[in-house]
Amino acid sequence: MNLLANKGYGIYDRVDIDMDDFMFLHRLAEKTNQLQKEISHWKKAFDNENKIAGHLQKKVERLEKELRSYQEIADISEIGIAGAERN
């Protein structure tokens with residue numbers, strides 16, 4: 001089989017290659033494309049998981065802040081009640 005090989009800068013040479021070598025290169029190119037698609041898929045999935053984790057972290061932080069506010073109110077109320085009982 002006779003193929004054109006790119007030497008760069010738009011210069012091509014004819015290269016003799018047997019069919020086994022051609023099929024090997026073809027399978028290699030297909031596998032490379034498949035792996036690139038799979039990597040892209042998993043990167044997107046990872047990014048989506050990170051977004052979800054970020055949203056959940058913000059929700060936890062907001063709920064913890066709300067809990068602290070209620071705890072502070074409860075502490076102040078207990079001090080007020082204890083002071084009133086002493087009087």
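Residues numbered from 1 in each chain as written. Predicted model: local features only at pLDDT ≥ 70, side-chain atom pairs only at ≥ 80, totals over all residues. Heavy atoms only, no water.

**Examining the overall build of the protein chain**
1) Next: Helices and strands together make up the secondary structure of the protein chain, namely 1 helix and 2 strands.
2) Next: Sequence-ordered secondary structure for the protein chain, helices as α and strands as β, is β-β-α.
3) Next: Expressed as a percentage of its 87 residues, the buried residues of the protein chain come to 1%.
4) Next: Approximately 8300 Å² of the protein chain is accessible, and the part contributed by carbon and sulfur atoms is 58%. (Helix = DSSP H or I, 4+ residues; strand = E, 2+ residues; numbered from the N terminus. Buried < 20%, exposed > 50% of the residue type's maximum accessible area, 1.4 Å probe, protein only. Areas by Shrake-Rupley, 256 points an atom, 1.4 Å probe, with all protein chains shown as cover.)

**Observations regarding the confidence of the model for the protein chain**
1) Next: Summarising the model, the protein chain shows a mean pLDDT of 83, and 74% of its residues fall at 70 or more.
2) Next: No element of the protein chain has a lower mean pLDDT than strand β1 (residues 2-8), at 60, and none a higher one than helix α1 (residues 19-86), at 89. (pLDDT = per-residue confidence, 0-100.)

**Some points on a nonpolar patch on the surface**
1) Next: Nonpolar side chains collect at one region of the surface, where F24, L25 and L28 lie side by side and expose about 290 Å² of accessible area between them.
2) Next: For F24, the location among the structural elements is in helix α1.
3) Next: For F24, a relative accessible area of 47% puts it in the partly exposed group. (Patch = residues over 30% accessible without salt bridge, like charges linked within 9 Å, V, L, I, M, F, W, Y side chains within 5 Å. Salt bridge = Lys/Arg side-chain N within 4 Å of Asp/Glu carboxyl O.)

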